[in-house]
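The chain contents come next:
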Amino acid sequence: MERILSIETTKYIGKEVKIAGWVNSRRDHGKIIFIDLRDSSGLVQMIFGQEFEKDKTAQEMRPEWIIEVEGLVNKRPKGMVNPKLTTGNIEIKVKKLKVLSKAKTLPFSIENDGYEINEEKRLKYRYLDLRRNRLRKNLKTRQKVIQFMRDALEKQGFIEIETPLLTKSTPEGARDFLVPARLQPGKFYALPQSPQQYKQLLMVAGIEKYFQIARCLRDEDPRADRQAEHTQLDIEMAFINQEEILDLIEKLYISIIKKIFPEKRITKIPFFRLTYKKAMEKYKTDRPDLRRNKKNPDELAFAFVTDFPMFEWHPEDKTWGAEHHPFTKPQTEDIKKIKKNPEKILAFQYDFVLNGQEIGGGSIRTTNLDVLTAVFEVLGHKKSEIKKKFKNYFEAFSYGVPPHGGIAPGIDRFLAVVLNEPNIREVIAFPKTGDNRDLMMDIPSDVSEEQLKELHIKTKKK
Ligand code: ASP
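Looking now at the overall build of the protein. Regarding its fold elements, the protein presents 13 helices and 19 strands. By its C-alpha atoms, the protein is 90 × 60 × 40 Å across when sized along the principal axes. For the protein, buried positions account for 45% of its 462 residues. Element-wise, carbon and sulfur atoms account for 52% of the exposed surface of the protein, whose accessible area totals about 25,000 Å². Here the protein contributes 84 positive and 68 negative side-chain charges, whose respective centroids are spaced 2 Å apart.

Below, the structure written as structure tokens:
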């Protein structure tokens with residue numbers, strides 16, 4: 001007999017089936033044992049009758065053991081139907097039982113939502129924590145959202161393209177994770193803070209409409225709602241303007257909500273639009289929470305904040321940084337102005353905001369190499385070095401570059417908001433702690449002397 005899923009059992013009333021999964025709960029009623037079996041599709045109730053009274057395995061069987069059973073699917077008597085279970089109108093009279101794996105008592109309960117359990121413990125035993133219904137649902141919803149994005153973009157002519165993980169340091173504003181290059185002693189790869197350079201080079205390559213469900217890695221200082229790696233829907237398009245990009249995102253997110261979260265209400269369609277200046281004046285933040293009723297868990301206030309300043313002043317070291325990244329197009333091509341009054345220059349840059357959280361950002365990119373040089377000069381690079389440092393850009397663009405721009409909405413934060421989760425760790429299968437440790441894998445960890453030697457690395461012992 002072939003195994004079927006618990007959810008399929010209702011189609012087999014009066015027939016024998018084979019199912020397998022985890023013992024979810026056990027209730028002993030005198031000579032009869034009721035067991036709810038759990039598999040990836042849900043729960044089904046099984047009955048072990050008197051014939052199992054002397055069966056040692058059946059008597060010993062405990063929650064979270066993994067078993068395989070064969071049995072007869074019976075309609076439940078009226079009054080015994082459980083409307084809360086998809087399989088609540090049937091039960092399985094067990095004929096054969098086989099234990100596939102025994103289990104120790106779990107370090108915590110997986111019955112409820114689990115918010116009350118110490119999070120470090122949940123992260124240490126994440127593979128058990130993920131047996132929890134809430135997290136399983138979150139992962140399923142995450143997949144649905146990503147699949148929806150893929151389908152919607154493919155229909156509009158986008159191509160999903162993977163870009164390298166071993167790459168070059170990109171000036172995106174965070175610290176890079178570095179990977180030593182064994183074959184080039186003393187040289188390093190950087191893990192991508194985002195596929196920014198690659199996606200722009202794909203525009204030079206004539207792809208025109210690119211997207212990727214991309215992992216971005218940033219070695220940032222601990223912050224409650226940050227992860228060293230996050231996932232974004234990375235988009236880049238050629239021959240496009242800001243309006244068209246925002247319009248695409250607006251339509252995409254409205255359809256995601258309608259299809260996957262029909263219980264949600266969007267505060268305003270079209271989404272709120274405000275300039276950075278207006279947002280700062282009126283709300284004192286560039287990511288205002290524009291919900292009408294902040295106590296309503298099903299309200300979603302999407303907003304686009306536009307016209308950000310091109311540069312931000314870093315008083316600590318008296319330097320200018322790029323508000324978004326250096327490849328963003330300033331709203332003027334007047335190089336003298338850019339160099340003389342950086343504080344006055346606005347950029348074609350926009351943020352995507354949801355309920356007071358930044359869930360994405362993007363920009364139209366500079367394709368004029370003189371302007372790009374001026375921007376890098378403001379950022380403190382020497383004119384003579386710029387072409388060398390960003391050689392891949394300057395060279396590629398010199399072969400012809402279409403006007404282009406893009407955006408990258410984050411997937412983790414969006415999901416945390418729509419699922420009413422308190423933080424992004426609840427929507428990521430294997431998240432790290434605030435200080436970038438993975439408690440389950442126990443990393444970062446030591447490596448062998450041999451490995452270090454091969455990599456030409458010496459570490460200072462603490
Ligand atoms: N690369 C940018 C980011 O990760 C997004 C973009 O400009 O498209 O924030």
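After presenting the structure, the write-up continues.
All right, on to the sheet that holds strand 1 (residues 16-29) then. Sheet strands line up and pair through hydrogen bonds in the backbone, either parallel or antiparallel. The 5 strands lie next to each other as 1-2-3-5-4, forming a closed barrel whose pairing is mixed. Sheet twist, expressed as the mean angle between neighbouring strand axes with direction ignored, is 55°.

Across the sheet, which stays open at both edges, the 8 strands sit in the order 6-9-10-19-18-17-14-12 with mixed pairing between neighbours. Edge positions in the sheet fall to strand 6 (159-160) and strand 12 (272-275), since each has one partner strand and no second. Docked against the sheet, helix 5 (residues 196-204) engages strand 9 (209-217), strand 10 (229-238) and strand 19 (404-409), running at close to 20° with respect to strand 10. Contacting strand 10, strand 12, strand 14 (302-306), strand 17 (349-354), strand 18 (357-364) and strand 19, helix 6 (residues 242-260) crosses the sheet at an angle of about 165° to strand 14.

Between two packed helices, what matters for the description is the angle formed by their axes and the separation of those axes. Relative orientation of the contacting elements helix 4 (residues 133-155) and helix 12 (residues 411-418) amounts to 125°, with a least axis distance of 11 Å. Classified by the angle their axes make, helix 4 and helix 12 are oblique. For the pair helix 4 and helix 12, the sense of crossing is right-handed. Residue-level inspection shows T141, R142, V145, I146 and M149 of helix 4 in contact with helix 12, the latter providing I411, D412, F414 and L415. Across the contact of helix 4 with helix 12, the residue classes tally to 6 nonpolar, 1 polar and 2 charged.

Moving on to the side chain of E64. Positionally, E64 belongs in the loop between helix 1 (56-60) and strand 4 (66-75). The exposure class assigned to E64 is buried, which follows from its relative accessible area of 5%. Within polar-contact distance, the side chain of E64 engages the side chain of R38 at 2.9 Å. Setting aside anything within four residues of it in sequence, one finds E64 in contact with W22, V23, R38, A103, L106, I110 and R131.

Going from I269 to P270, the amide bond is cis rather than trans, its omega being -5°. Tracing the backbone through its elements, the reader meets P270 in the loop between strand 11 (265-266) and strand 12. Cis geometry marks the peptide bond from I443 to P444; its omega dihedral reads 0°. Relative to the assigned elements, P444 resides in the loop between helix 12 and helix 13 (449-454).

The next thing to look at is the site of the ligand. Close to the ligand lie 14 residues, the nearest being Q196, K199, R218, H324 and R365. At 2.7 Å, a side-chain N or O of Q196 approaches a nitrogen atom of the ligand. At 3.3 Å, a side-chain N or O of Q232 approaches an oxygen atom of the ligand. Isolated, the ligand exposes 270 Å² of accessible area, and the fraction of that covered by the protein chains is 93%. Looking at the shell around the ligand, the elements with two or more residues in it are helix 5, strand 18 and strand 19. Split into classes, the residues belonging to the shell around the ligand amount to 2 nonpolar, 8 polar and 4 charged.

Here E250 is to be found in helix 6. You can call E250 buried: its relative accessible area is 10%. Remark: the alpha-carbon pair of E250 and L217, spanning 33 residues in sequence, is separated by 26 Å. In this view, E250 contacts P270, F271 and F304; residues no more than four positions away in its chain are not counted.

Take the nonpolar core next. In this structure, L233, I235, Y253, I256, F302 and F414 are the most contacted members of the largest nonpolar core, which totals 44 residues. Mapped by element, the contributors of at least two residues to this core are helix 4, strand 9, strand 10, helix 6, strand 14, strand 17, strand 18 and helix 12. Sorting elements by how many residues they give to this core places helix 6 first, with 10 residues. Those residues within four positions of L233 in sequence are excluded, and the remaining contacts are M149, L153, F211, Q212, I213, L252, I407, A408, P409 and I411.

The subject of this paragraph is the pattern of salt bridges. Throughout the structure, instances matching the rule amount to 35 salt bridges. One salt bridge connects D39 with R3, and the closest N-O pair in it is separated by 3.9 Å. Of the two residues, D39 is situated in strand 2 (residues 32-39) and R3 in the segment before strand 1; the sequence distance between them amounts to 36 residues. On the basis of relative accessibility, which here comes to 44%, the residue R3 falls in the partly exposed class. Across the pair R425 and E119 runs a salt bridge whose closest N-O atoms are separated by 2.6 Å.

Moving on: helix 4. Taking 1.5 Å as the rise per residue, helix 4 with 23 residues should run 33 Å; its terminal C-alpha atoms sit 33 Å apart, in good agreement. Where the residues of helix 4 are buried, they touch helix 2 (119-124), helix 3 (126-129), strand 9, strand 10, helix 6 and helix 12. Downstream of helix 4 by one or two residues, G157 has phi in the positive range, about 90°.

Applying the stated rule across the entire model yields 19 aromatic pairs. Aromatic side chains Y253 and F414 sit 5.1 Å apart centroid to centroid with 90° between the ring planes, which places their arrangement in the edge-to-face category. One end of the pair, Y253, is in helix 6; the other, F414, is in helix 12, and 161 residues separate them in sequence. A relative accessible area of 0% places Y253 in the buried class. On the accessibility criterion, F414 (1% relative accessible area) is buried. Aromatic side chains F327 and Y393 sit 4.3 Å apart centroid to centroid with 20° between the ring planes, which places their arrangement in the stacked category. Placement of the pair is F327 in the loop between strand 16 (319-322) and helix 8 (335-340) and Y393 in helix 11 (residues 391-397), with a sequence separation of 66 residues. Y393 matches F327 in its accessibility class, with the two residues each being buried. Pairwise contacts between aromatic rings join Y253, F261, F271, F302, F304, F352 and F414 into one cluster. The ring of F272 has K268 sitting right over it, with the charged end atom 5.4 Å from the ring centre.

So, how was this worked out
- Residues numbered from 1 in each chain as written.
- Predicted model: local features only at pLDDT ≥ 70, side-chain atom pairs only at ≥ 80, totals over all residues.
- Heavy atoms only, no water.
- Helix = DSSP H or I, 4+ residues; strand = E, 2+ residues; numbered from the N terminus.
- Buried < 20%, exposed > 50% of the residue type's maximum accessible area, 1.4 Å probe, protein only.
- Areas by Shrake-Rupley, 256 points an atom, 1.4 Å probe, with all protein chains shown as cover.
- Lys, Arg positive; Asp, Glu negative; His and termini not counted.
- Charge placed at Lys NZ, Arg CZ, Asp CG, Glu CD.
- Pairing = 2+ DSSP bridges.
- Axes fitted to C-alpha atoms, helices over the stretch in contact; angles between N-to-C directions.
- Contact = heavy atoms within 4.5 Å.
- Parallel < 35°, antiparallel > 145°, perpendicular 65-115°, else oblique.
- Left-handed = near helix turned anticlockwise from the far one by under 90°.
- Nonpolar A, V, L, I, M, F, W, Y, C, P; charged D, E, K, R; others polar.
- Polar contact = N/O pair within 3.5 Å; in protein donor to acceptor, adjacent residues only side chain to side chain.
- Near = heavy atom within 4 Å.
- Core = buried A, V, L, I, M, F, W, Y, C linked by side-chain atoms within 4.5 Å.
- Salt bridge = Lys/Arg side-chain N within 4 Å of Asp/Glu carboxyl O.
- Expected span 1.5 Å × (residues − 1).
- Phe/Tyr/Trp six-rings, centres within 6.5 Å; stacked < 30°, edge-to-face > 60°.
- Lys NZ or Arg CZ within 6 Å of the ring centre and 35° of its normal.

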